[in-house]
Amino acid sequence: MGHALGTLEELPLAYRAALARNSLAPLWPMMRNVLPHGAPQPVSRQNLWRFETLRPLLLEAGDLTPVEKAERRVLVLTDPGRGEGAMQATSVIYVGMQLLKPGETAPAHRHTPSAARIIVEGEGAYTVVDGEKCPMHRGDLVLTPGGAWHDHGHSGTEPVIWLDALDLPLFVYLEGSYAEEAPLQAPRNRPDASEAEYLSAGLVPSRRPDRAPVSRYPMLRYPWSRTEAALRSLGALAAPGEAVELDYVNPETGESCLPTLGFTAMMLRPGEKATPPLRSSSAVFHVISGTGTSTVNGERFAWGPADTFSAPVFSTLSHEADGTEPAFLIRIHDRPLQERLGYFEERVRP
């Protein structure tokens, strides 16, 4: 085992030409490209996108391009490992920053990829998902699952910015990515499910024969105010030395809130260094509040509020909050997809 495999150049030119004419190719020269030994060899590269740099460019986009010409006014966070214009932050995760100005609406559409929004700044915007109106406050996580109609509106006075996270690269690879458009939805006149049916953890509406079946995605908005309070309460009890983490889950099933992407809220306590294990899942970290530093595969990133950084598969990671206050982040990852495919893995750090 471990011997060198034959190369394409070792084959006669006439034989290679015959293969090409018949749309054939030998596997052995390409074997290690697709099946490296021991661990993947990711194309993705870790990167930090500073909000202070991104924000003025996004606001300028709002002056240069009306929303009617953009449909969704977004700057894509592109993976430097894939080059300029890559529609990926990691292999499976697409991330973009979206701007909606006061009085604007983003038309209703639905698409095969699933999406989630993390609200970065501003008040007065909302998302309507299959008729449910979800207000958008800083730090909130709002889901728009694949196949769900959704549109955005803004009745406030200042620009609103949010982070979009989608499993778009997966659907593009599968050649299954497409969208449909429709008129703006008429929202139902009631609070969203996070303020009614799922206001308290551990409680769900009682099952009754006359009640409609539970939706596949019963809760579409996860308010940050409750998430932060839960992290602080858990942090008061947690052992020192690790990040305090809570997963966003479907309140009816306990499974990940989306089928392919996971979302984990994190609190880093000051003075403590978190060193997670090596994970087969890739990740994008978005900072809700606080400052700190993270080292990804030996590269040090100093981050602050609304910054975003990425980590490829099996990255060596460490995180540390600065100052005297905790830092709060949301980790977007593809663990749910990997678990469904049966290969998620954690390894002890060397």
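Each remark here, short or long, concerns the structure printed above.
Residues numbered from 1 in each chain as written. Predicted model: local features only at pLDDT ≥ 70, side-chain atom pairs only at ≥ 80, totals over all residues. Heavy atoms only, no water.

Trainee: Quick one: what's the story with the overall build of the protein chain, residue by residue and with numbers?
Mentor: A count of helical and extended segments in the protein chain gives seven helices and 23 strands. For the protein chain, whose C-alpha radius of gyration is 22 Å, the value lies close to the compact-globule estimate of 20 Å for 350 residues. Looking at the protein chain as a whole, 46% of its 350 residues qualify as buried. By sequence separation, contacts in the protein chain at least 24 residues apart represent 74% of the contacts at least 6 residues apart. For the protein chain, the accessible surface area stands at approximately 17600 Å², while carbon and sulfur atoms represent 55% of it. Averaging the locations of the 33 positively and 42 negatively charged side chains of the protein chain gives two centres separated by 3 Å. (Helix = DSSP H or I, 4+ residues; strand = E, 2+ residues; numbered from the N terminus. Rg over C-alpha atoms; globule rule 2.2 N^0.38 Å. Buried < 20%, exposed > 50% of the residue type's maximum accessible area, 1.4 Å probe, protein only. Contact = heavy atoms within 4.5 Å. Areas by Shrake-Rupley, 256 points an atom, 1.4 Å probe, with all protein chains shown as cover. Lys, Arg positive; Asp, Glu negative; His and termini not counted. Charge placed at Lys NZ, Arg CZ, Asp CG, Glu CD.)

Trainee: Can you lay out the pattern of salt bridges for me, pointing to particular residues and giving the numbers?
Mentor: Where side chains of opposite charge bring their charged atoms close, a pairing between them can arise. Using the criterion set out here, one finds 22 salt bridges in the structure. Across the pair Asp 307 and Arg 50 runs a salt bridge, and its minimum N-O distance is 4.0 Å. Linking Asp 307 in the loop between strand E19 (299-303) and strand E20 (308-311) with Arg 50 in the loop between strand E1 (48-49) and helix H3 (51-64), this pair joins segments that are 257 residues apart in sequence. For Arg 50, a relative accessible area of 34% corresponds to the partly exposed category. Linking Arg 279 and Glu 346 is a salt bridge whose minimum nitrogen-to-oxygen distance equals 3.1 Å. Note that Arg 279 is positioned in strand E16 (residues 278-279) and Glu 346 in strand E23 (residues 346-347), a separation of 67 residues in sequence. (Salt bridge = Lys/Arg side-chain N within 4 Å of Asp/Glu carboxyl O.)

Trainee: Could you give an account of a nonpolar patch on the surface, naming the residues involved and the relevant values?
Mentor: Side chains of Leu 5, Tyr 15, Leu 27, Trp 28, Val 34 and Leu 35 sit close together on the surface and give an oily, nonpolar patch of about 580 Å² of accessible area. Mapped onto the secondary structure, Leu 35 falls in the loop between helix H2 (31-34) and E1. Residue classification places Leu 35 among the exposed residues on the basis of a relative accessible area of 53%. (Patch = residues over 30% accessible without salt bridge, like charges linked within 9 Å, V, L, I, M, F, W, Y side chains within 5 Å.)

Trainee: Pulling in residues and values, what's your account of the pairing of strand E17 (residues 283-289)?
Mentor: Burial runs high along E17: seven of the seven residues are buried. Pairing of E17 with E20, which is carried by four bridges, proceeds in the antiparallel orientation. Among the inter-strand pairings, Ala 283 is bridged to a residue of E20, identified as Ala 311. (Pairing = 2+ DSSP bridges.)

Trainee: Please provide a residue-by-residue account of the sheet that holds strand E18 (residues 292-296), values included.
Mentor: Spatially, four strands are ordered E15-E21-E18-E19 in an open sheet, and the strand pairing comes out antiparallel. Each having just a single partner strand, strand E15 (273-274) and E19 make up the two edges of the open sheet. Sheet topology places E18 next to E19; five bridges connect them, and they run antiparallel. What sits directly across from Thr 293, in E19, is Ala 302.

Trainee: Can you explain the side chain of Gln 185? Please cite residues and give values.
Mentor: The residue Gln 185 is located in the loop between strand E11 (179-182) and strand E12 (221-222) in this model. At 3.2 Å, the side chain of Gln 185 and the backbone nitrogen of Asp 130 are in polar contact. (Polar contact = N/O pair within 3.5 Å; in protein donor to acceptor, adjacent residues only side chain to side chain.)

Trainee: Let's hear about empty space enclosed by the protein: which residues, and what values?
Mentor: Over the atoms a probe the size of a water molecule is rolled, and this reveals where empty space is left. With the rule as written, the count across this model stands at two cavities of 30 Å³ or more. Roughly 90 Å³ of internal volume is contained in the largest cavity. Every residue lining the largest cavity is counted, 13 residues in all, and those nearest its centre are Arg 279, Ser 281, Ala 283, Pro 312 and Leu 317. Listed by contribution, the elements that provide at least two residues to the lining of the largest cavity are E17 and strand E22 (327-333). Among the residues making up the lining of the largest cavity, the classes are represented as seven nonpolar, four polar and two charged. Here the second largest cavity defines a volume of roughly 40 Å³. Looking at the second largest cavity, the residues that line it are Gly 241, Glu 242, Ala 243, Met 267, Leu 268, Arg 269, Glu 272, Lys 273, Ala 274 and His 319. For the lining of the second largest cavity, the secondary-structure elements that each account for two or more residues are strand E14 (262-268) and E15. Across the lining of the second largest cavity, the residue classes tally to four nonpolar, two polar and four charged. (1 Å grid on protein atoms, 1.4 Å probe; cavity = no way out; pocket = protein on both sides within 12 Å on 5 of 7 lines; lining within 4 Å. Points joined across faces, edges and corners; volume = space filled by probe spheres on them. Nonpolar A, V, L, I, M, F, W, Y, C, P; charged D, E, K, R; others polar.)

Trainee: Run through the nonpolar core, naming residues and quoting values.
Mentor: Generally speaking, nonpolar side chains in soluble globular proteins are found buried as a group. Core analysis: the biggest nonpolar cluster contains 44 residues, and Met 97, Leu 141, Tyr 248 and Phe 263 have the highest contact counts within it. In this structure, Met 266, Val 287, Val 296 and Leu 317 belong to the second largest nonpolar core, which totals 16 residues. (Core = buried A, V, L, I, M, F, W, Y, C linked by side-chain atoms within 4.5 Å.)

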